Each structure stands twice: as C-alpha cells, then as structure tokens.
Amino acid sequence: MASEANTQSRVMFQSTGKVEEPGHRKLGKLTVKYNRKDLQRRLDIEEWIDEQLHLLFDCEEEDIPELEIDIDELLELSDEGQRMRVQELLQECRKPIEKNMPMELKAFLMHIRQDFVNGLLYRIKGLRKMSGPLKK
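Residues numbered from 1 in each chain as written. Predicted model: local features only at pLDDT ≥ 70, side-chain atom pairs only at ≥ 80, totals over all residues. Heavy atoms only, no water.

Some remarks on the overall build of the chain
Step number 1: Looking only at helices and strands, one finds 6 helices and 0 strands in the chain.
Step number 2: The linear arrangement of helices and strands in the chain, starting from the amino end, is α-α-α-α-α-α.
Step number 3: Of all intrachain contacts in the chain linking residues separated by at least 6 positions in sequence, the fraction that spans at least 24 positions is 74%.
Step number 4: Just so you have it, the chain exposes about 11,600 Å², and 54% of that area is on carbon and sulfur atoms. (Helix = DSSP H or I, 4+ residues; strand = E, 2+ residues; numbered from the N terminus. Contact = heavy atoms within 4.5 Å. Areas by Shrake-Rupley, 256 points an atom, 1.4 Å probe, with all protein chains shown as cover.)

Here we look at the packing of helix 3 (residues 36-57) against helix 6 (residues 103-124)
Step number 1: At a minimum axis distance of 11 Å, the contact between helix 3 and helix 6 shows a crossing angle of 180°. In terms of their interaxial angle, helix 3 and helix 6 are classed as roughly antiparallel. The residues of helix 6 that touch helix 3, namely those facing Arg41, Ile45, Trp48, Ile49, Gln52, Leu53 and Leu56, are Ile112, Arg113, Phe116, Gly119, Leu120, Arg123 and Ile124.
Step number 2: Among the residues forming the contact of helix 3 with helix 6, the class breakdown is 9 nonpolar, 2 polar and 3 charged. (Axes fitted to C-alpha atoms, helices over the stretch in contact; angles between N-to-C directions. Parallel < 35°, antiparallel > 145°, perpendicular 65-115°, else oblique. Nonpolar A, V, L, I, M, F, W, Y, C, P; charged D, E, K, R; others polar.)

Points about a negative patch on the surface
Step number 1: A contiguous patch of negative charge, built from Asp44, Glu46, Glu47, Asp50, Glu51, Glu66, Glu68 and Asp70, is present on the exposed surface.
Step number 2: Of the residues examined, Asp70 reaches a relative accessible area of 35% and is grouped as partly exposed. (Patch = residues over 30% accessible without salt bridge, like charges linked within 9 Å, V, L, I, M, F, W, Y side chains within 5 Å. Salt bridge = Lys/Arg side-chain N within 4 Å of Asp/Glu carboxyl O. Lys, Arg positive; Asp, Glu negative; His and termini not counted. Charge placed at Lys NZ, Arg CZ, Asp CG, Glu CD. Buried < 20%, exposed > 50% of the residue type's maximum accessible area, 1.4 Å probe, protein only.)

If you want it as structure tokens, here you go:
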C-alpha cells in the first residue's frame, strides 16, 4: 500500500494518429495574405529610393538626412497629395548650405528633386496598400 501512495497518477489520451502542426497553418495564411510579387515590387521601390537619395544628397549613407517616405501613407493620398507630400519631405531635408548657393545651382537641384518625385510617383502607381498585422 505504501508503494501505491508514492506513485503518481497519469492521465492518458487516445491519439487519432493525426498530429497537427499549428505553425504550419499560420505560414499558409501568411503566404496567401501577402503576394510575393507585391512584396518584391515594394522592395525594389525601396532600393530605388535609397539609390536616388544617395544621388540626390551626394553623400555617404550615414550622412543622408533622416527622410522617412511611407509608401502606404502616399497610397492613401490623391496624385497631387502624393506629389505635395514627397516635396514637403524633401524640403524638410534640405542642406543648410543651399541657402547660399547660386541661383543656377538651386534650379538644377530643384530639377533633380522633381525627377525623383516623378520617378517615385510613377513607381508606386498600381501598388496596393499593405494592411497591418491582423488584430484579434
């Protein structure tokens, strides 16, 4: 009897033989939710933005002014709103040295900025806004 008191009780469940992997189901939902082509297109646009900022500001990556271009935010705006927002962001990041530049150089920089804005707006045409994480 004393040995029976020391043994622990165990509860056993019968298995149906089918083992579910919960992580596998979630992975399937993620691949359906985000289209691989859309993700690749966004990545390409972000890489293009980085390259253009290097050219636009003519400096090393760590010297580029803090410039956060939110593609989803732009997609919520009208065409003119998108243009105005990107120009506003660029205006905020102007180098202080530009104040003392000759007029011809300022005009040239303005032209380069317009090319950047036009290129960006062309690239985001037809892009869909990505939804945030699922809320439960």
